[in-house]
Structures are given as C-alpha cells and as structure tokens.
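Here's the letter readout for the chains.
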Amino acid sequence: MKYLDQINCPDDLKRIPRDKLGAVAREIRGRIIEVVSKNGGHLASSLGVVELTIALHYVFDLPKDTLIWDVGHQSYAHKLLTGRHRSFDTLRKYKGISGFVKIKESPYDAFTVGHASTSISAGLGMCYAKALKKDKSNVVSIIGDGSMTAGLAYEGLNHAGDLQQKYIVILNDNDMSISANVGALSSYLSRTFSHKALQNMRNQFGQFLKSVPKIGDDMYGWAKRWEESFKTFVTPGMLFEAFNFDYFGPIDGHNLDHLIDILSNIKDPDSPVLLHVTTKKGKGYAPAEKNPVYFHGVGAFAIDTGKCPASKNAAPSYTSVFGKCMIELAKQNPCIVAVTAAMPEGTGLKQFAEQFADRFIDVGIAEQHAVTFAAGLAAKGAKPVVAIYSTFLQRGYDQILHDVCIDSHPVIFAIDRGGIVGEDGPTHHGLFDFSYLRSIPNMTVMAPMDENELVRMMQTAVAHQGPIALRYPRGAGQGVDVDYNAKAVDIGKAKVLRTGDDLLIIGIGRCVNDAMDAAELLSAQGIESTVVNARFVKPLDADLILDLAGKIKNVVTIEENVLAGGFGSAILELICDNGLSGCRVNRVGVNDVFIEHGSQNELRKDYGIDARAVVAAGLKLCGEK
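Everything in this summary refers to the structure shown in the same document. (Residues numbered from 1 in each chain as written. Predicted model: local features only at pLDDT ≥ 70, side-chain atom pairs only at ≥ 80, totals over all residues. Heavy atoms only, no water.)

### With respect to the packing of helix α6 (residues 119-132) against helix α7 (residues 151-163)
Phase 1 of the analysis: Between α6 and α7, the shortest axis-to-axis distance is 8 Å and the interhelical angle comes to 25 degrees. The pairing of α6 with α7 is recorded here as roughly parallel in orientation. On α7, the residues touching I120, S121, L124 and Y128 of α6 are L152, A153, G156, L157, H159, A160 and L163.
Phase 2 of the analysis: Looking at the contact of α6 with α7 residue by residue, the classes come out as eight nonpolar, three polar and no charged. (Axes fitted to C-alpha atoms, helices over the stretch in contact; angles between N-to-C directions. Helix = DSSP H or I, 4+ residues; strand = E, 2+ residues; numbered from the N terminus. Parallel < 35°, antiparallel > 145°, perpendicular 65-115°, else oblique. Contact = heavy atoms within 4.5 Å. Nonpolar A, V, L, I, M, F, W, Y, C, P; charged D, E, K, R; others polar.)

### Quick notes on the pattern of salt bridges
Phase 1 of the analysis: Following the criterion strictly, the structure yields 26 salt bridges and no others.
Phase 2 of the analysis: For R31, the salt bridge is made with E34, and the minimal N-O distance between the two is 3.3 Å. Taken together, the residues span about one helical turn, with R31 and E34 both in helix α2 (residues 21-39) at a distance of three residues.
Phase 3 of the analysis: Residue R31 is classed as buried on the basis of its relative accessible area of 6%.
Phase 4 of the analysis: D109 is the partner of R84 in a salt bridge, and the nearest nitrogen-oxygen pair spans 2.8 Å. (Salt bridge = Lys/Arg side-chain N within 4 Å of Asp/Glu carboxyl O. Buried < 20%, exposed > 50% of the residue type's maximum accessible area, 1.4 Å probe, protein only.)

### Brief notes about the packing of aromatic side chains
Phase 1 of the analysis: Under the defined criterion, the tally for this structure stands at 12 aromatic pairs.
Phase 2 of the analysis: For the ring pair Y154 and F243, a centre distance of 6.2 Å and an interplane angle of 35 degrees mean the geometry is tilted. Here the residue Y154 occupies a position in helix α7, and F243 occupies one in the loop between α11 (238-242) and β4 (246-252), the gap between them amounting to 89 residues.
Phase 3 of the analysis: The class for F243 is buried, based on a relative accessible area of 16%.
Phase 4 of the analysis: The rings of Y285, Y294, F295 and F301 are connected pair by pair, giving a single aromatic cluster.
Phase 5 of the analysis: Note that R471 overlies the ring of F434, its terminal NZ or CZ placed 4.1 Å from the centroid. (Phe/Tyr/Trp six-rings, centres within 6.5 Å; stacked < 30°, edge-to-face > 60°. Lys NZ or Arg CZ within 6 Å of the ring centre and 35° of its normal.)

### Some words on the nonpolar core
Phase 1 of the analysis: Of all hydrophobic cores here, the largest spans 59 residues; its most connected members are I28, I32, L43, I54, L56 and I170.
Phase 2 of the analysis: Considering each element in turn, this core owes the most residues, nine residues, to α2.
Phase 3 of the analysis: With sequence-adjacent residues up to four places away left out, I32 is seen in contact with L43, S46, L47, V50, Y76, A77, L80 and F88.
Phase 4 of the analysis: I388, I400, A494 and A534 belong to the second largest nonpolar core, which has 50 residues in total. (Core = buried A, V, L, I, M, F, W, Y, C linked by side-chain atoms within 4.5 Å.)

### Structural notes on the pairing of strand β17 (residues 584-590)
Phase 1 of the analysis: Bridge count between strand β16 (residues 554-562) and β17: six bridges; the pairing is parallel. Within β17, the residue paired with V555 across the bridge is V585.
Phase 2 of the analysis: Crossover handedness for the path β16 to helix α23 (residues 567-577) to β17: right-handed. (Pairing = 2+ DSSP bridges. Right-handed = clockwise from strand over helix to strand, strands pointing away.)

### Details of the sheet that holds strand β10 (residues 444-446)
As a general point, the strands of a sheet are linked pairwise by backbone hydrogen bonds and lie either parallel or antiparallel.
Phase 1 of the analysis: With mixed pairing, seven strands are arranged side by side in an open sheet as β7-β6-β8-β9-β11-β10-β15. At either margin of the open sheet sits one strand with a lone partner, and together these are β7 (360-362) and β15 (536-538). In this sheet, adjacent strand axes meet at a mean angle of 20 degrees when their direction is disregarded.
Phase 2 of the analysis: Relative to β7, strand β6 (residues 336-340) is paired through three bridges, and the arrangement is parallel. Its bridge partner being in β7, T340 is matched across the sheet by D362.
Phase 3 of the analysis: In the packing of helix α16 (residues 367-379) onto the sheet, the strands contacted are β6, β7, β8 (383-389) and β9 (412-416), and the crossing angle to β8 comes to about 165 degrees.

### Examining the sheet that holds strand β5 (residues 273-278)
Phase 1 of the analysis: If you walk across this open sheet you meet the five strands as β1-β2-β3-β5-β4, and the pairing is parallel. The open sheet has two edge strands with one neighbour each: β1 (66-69) and β4. Strand-to-strand, the axes of this sheet are offset by a mean angle of 20 degrees, without reference to chain direction.
Phase 2 of the analysis: Where strand β3 (residues 168-173) and β5 come together, six bridges link them in parallel fashion. Across the sheet, the residue bridging to I170 is L275, located in β5.
Phase 3 of the analysis: Sheet strands in contact with helix α4 (residues 50-59) are β1, β2 (139-144), β3 and β5, and its direction is about 160 degrees off that of β1.

Next up, the structure:
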C-alpha cells in the first residue's frame, strides 16, 4: 500500500500532503475490509470514522495529546495509524491485537474500553489530572450518538460544564438521531464560529458590553441569547450549550478538509467544546452501508458479496432458541414483555419485536434504566423478560438488588453471552454473573446444559413469582431436539446424568457437557464418576448433593465463571455449613484474572475450563489407577 506502508506513527501521516489524505482513507478502508473479512469484527462503525480518525491524527500531537474512543470498536483506523498496520492481520486473534482500545497494547491507546458511554467521564478525569500538573495538552473524547442514550454520558457532560476544563468532545452522529439539520449552511457556520480570531473577538466584545455602566450586563445577556438562538436555529446545539459547552456542528464527517480546518480551530480551547460530526456507518463498502446493523459486528465474509459462509454447525444458537421460545411464550401469555438495551438482534428478539411490537421495548444503551423499568412493569402485573448480555448486565447491578430483589418483583433476566465469549476479550466475557447474582436475597439463578433445557427453564421462569435469572452461552447449542412445549424444570432440583463410585463431578450450564466428556476419559483410566447437572446455582439441590458428596467424598465442580463467589464456592459453602467431613473438593473455573481475547475453545483450553481440566482435577483427587 503506497501510503499506509509509510505510516508507523501520526508524525508519518503529517508528512503526507493534505491533498493525498483521501488516498490514505481509501487504503485504510481497504485494509480494514480485507482483515475483517477474514477475522470478523466491528466493520461498519470503523469504516464510518476513517476520515475523522485521519483528521484527528493529522491535527493533534499524539500521544502527548490524548484521544479517548468511546466503546473502542470503531478504532481500527486508529490502530492502523499508530504502528499496528503490519500486525493488523492478527486483529482479534489469540495473542494478536485487540478489537478494542487497550492501554497495554499501545501508548496511543489512552484508556481501555469496551462498554459504552465512558469516554466523557474518563476524558474529564484526564483533563483534571493534566491541569493539576500544569499540562496544557489536549484531551479529546470521541463518542457515538448511540452511547449518548446512557445516563453516564450526561453525568460526564454535566460535570465537564461545571469544571470548565479545556476539553474537546466529538459527537460522532452516524444515525441522524439528534438532528437532520445537516447541510452547507450549518457546516459553514460551524467552521466560521470556531475560528480563533472570531472566538477572541467575541470574548473581547463580551467584555466590552459587560463594562458599559448600568446596562452592560443586560446588553451582554441579550447578545449571548441572540447568538445562542441563531446558532440553535441552524444547528442542534442547544442541549450541549445548556451543559456549558461551546457547540460546533453538525459538520460532514467524511470531508477531510472541513474536519482538519475545524479541528485546527478548536484545538487548545479555554473551556469545554463539543464538535458534532455526521458520518455514515459502513462508508465505502456498499454491503455495510446498506445493512450497517448486520456489519456492526460480523463474522468472516466474502468481500465481493458481503455474505458470510454457511455455518458448519447445524445446531441452532442458544440466542436463536431463546428468541423462538419468547415468541411461543408470548402467544400463550399476554403479560410477557421483552426488554433489551440496544441489542434486539444480538439477543434474538428481532422477530419478537416484529410480531409483538407493543410488548417489545428497546431502551437504548441504558441497562440501569432497563432493569428498573422492568421492575415497574412487574409491579403492575406484567411479566418482563430483560434480555441483556452478561457483561452489560453488570452495569445494572444496583438496580437488580435495590429495585427488583428487595420487593421480589417477578422480573426474568435472560442473560446471553454467559461465560467466555471469544474474540471481543476481557471487556465482553460474561464471567462474573454467577457471583454477583447468587449473593442477592430473593434471586434464583439457573443455567441450562443445552438448548432444550433453556426452553424448559424459560417455562420455569415465567411460572416463578419472584426475580429469576437464566444464563446461557454465546454460540451454537449441543444439537439436541428442542421441544418448545417442554415442561418446566423444578426449581432447585438437579439431575444425575451418570453414576460411579470414585468421583463426583458437578457441573453447571454448558460445562455439564465437559463433565460428561471428562467422565468418559476418566473411565478409560479406571475412575468411574457420578455426573450431576446442577441446573441451579441458587438454590442448590442440597439434599442430592450432600447425599452424593457424603458417599463419594471426592468432588470436582466445573463452571465458566470466576471461582471467587461462584458455583464451586456455593458447593463448598453447602458442604461446610452442613458439617460434611472427609470431603475433598477441587473447583474448575476462572482464577483471579481477566481473560484475554481469542476463540472460545483456545481460551477454554489455555485457562483450564474444559474436559481435560476436569480430568486433571479428578486425577489429583483420586490418583491414577
């Protein structure tokens, strides 16, 4: 690539003539499409900010100046301009570069991200830290309009307006959800208003008006209101002006000349500035422009058609089974309402939304609100099902505890992406939910070993008169037959799947299948195992587990969750609290670490959460025969 091969850092980019930057943008898009078509990743969002990324690296002095990307899934161009072009083929691969911004990966990555709406608060903190050290360099946060649906973003804006630090926030509006007032006039006015000479003249004129005896303050107030009214008439900036930000925009986020001009003008501000740019998700790749939702997070695909190859696994995903189950349940029960947080496709609820539009609520990126909203629904007789990825439900922990569980409102939590999710890495693994949910009074927590048990547990959840959580993994199921009319699972009842006198293996969720595989491997070595599908993290089937543990004595637990406070801990507590002596327990799960990115199977193998790990734990207890 003519230009990209020359760029190892932003200083190399600045040596390229400004009229050649369009060619750089084309090369970046080509490189992103090439790699994502093989590795999968967040394509549409990254293609949408190529020109904005080039302009930021062209104007600002990085890494002395600080860029903070909200979520970080749109940072592929940033990675290519900051020394990762040659390693970009390893994107999202095990031991390769991350699909998100990661401090440990590069000095140009200022803040590790993966969840939405954190950039403004983090950026403001960095501004304040720099001010304390008399560091006058810039801090720039780039946040998408989708992330502006979360309250955290507004908390940051409110505080920034109060502190009045020199801070730049760039709103990347790729859905025209804030305003459609985009055109030559608003672009021209924004570039004009942002010019430093005009800003200085405006400030000096303001001081002059204030100095006029008796009527100065009134004249200044009138002039300020006139300017704000005029700007608001042609631009949608009133909201941000109300937060005490100087607002400029909207401006075309694909016009490099305009972007470079306005960024140069607002660089080194005296007070908070918000620049509103409009971009098109998927820009430059027709299939992604046509279907940005599909190409938001996509697997490998054919570049010429944009189509993904057919899956080799014929088993449906847990997500799709959940979605179909929700439709069947809603047909029978008019009280069921589905609630999600900006993830209707990801949680399998798209078809539900089409069939039951009045019973489907997408609250946007607002997990806290989703949980408390569901508590309100339940308080008035509805049966809300809150479908959220495990990692994002973490953001609503206080609402689960305070708003749902204290009064035991019958809210169902359908927790997708439980366990290791794969290539999105530590910000997206769902490895903490067993621990943070089982400690809450009134909460029931269950996890299916296969897709049919998921359906049965949904029946259980709908019938239950209290808060209940159902946690299932990302990816394909086990390929078992699914009966959407299957009867409910009895709460707190486990199931013995295999009997043996040497070892007791107790699994939860997907890991029950690893337990069964391990039992076969151990049998070949002369160790016979009893395998239990616990089904419930809370309440445990105390009678069954204590009876078996009292007889067999050697116990292995397996879970795809952190060991601290998780399922294995619950088993240990049960044995200890009931005074069961002579029992030896070996827990298989995630140690006190954040797991990196890579394929699910690679990570399970390397972090010891698979059948081989259970075999090793069993041999340690029983010894080889």
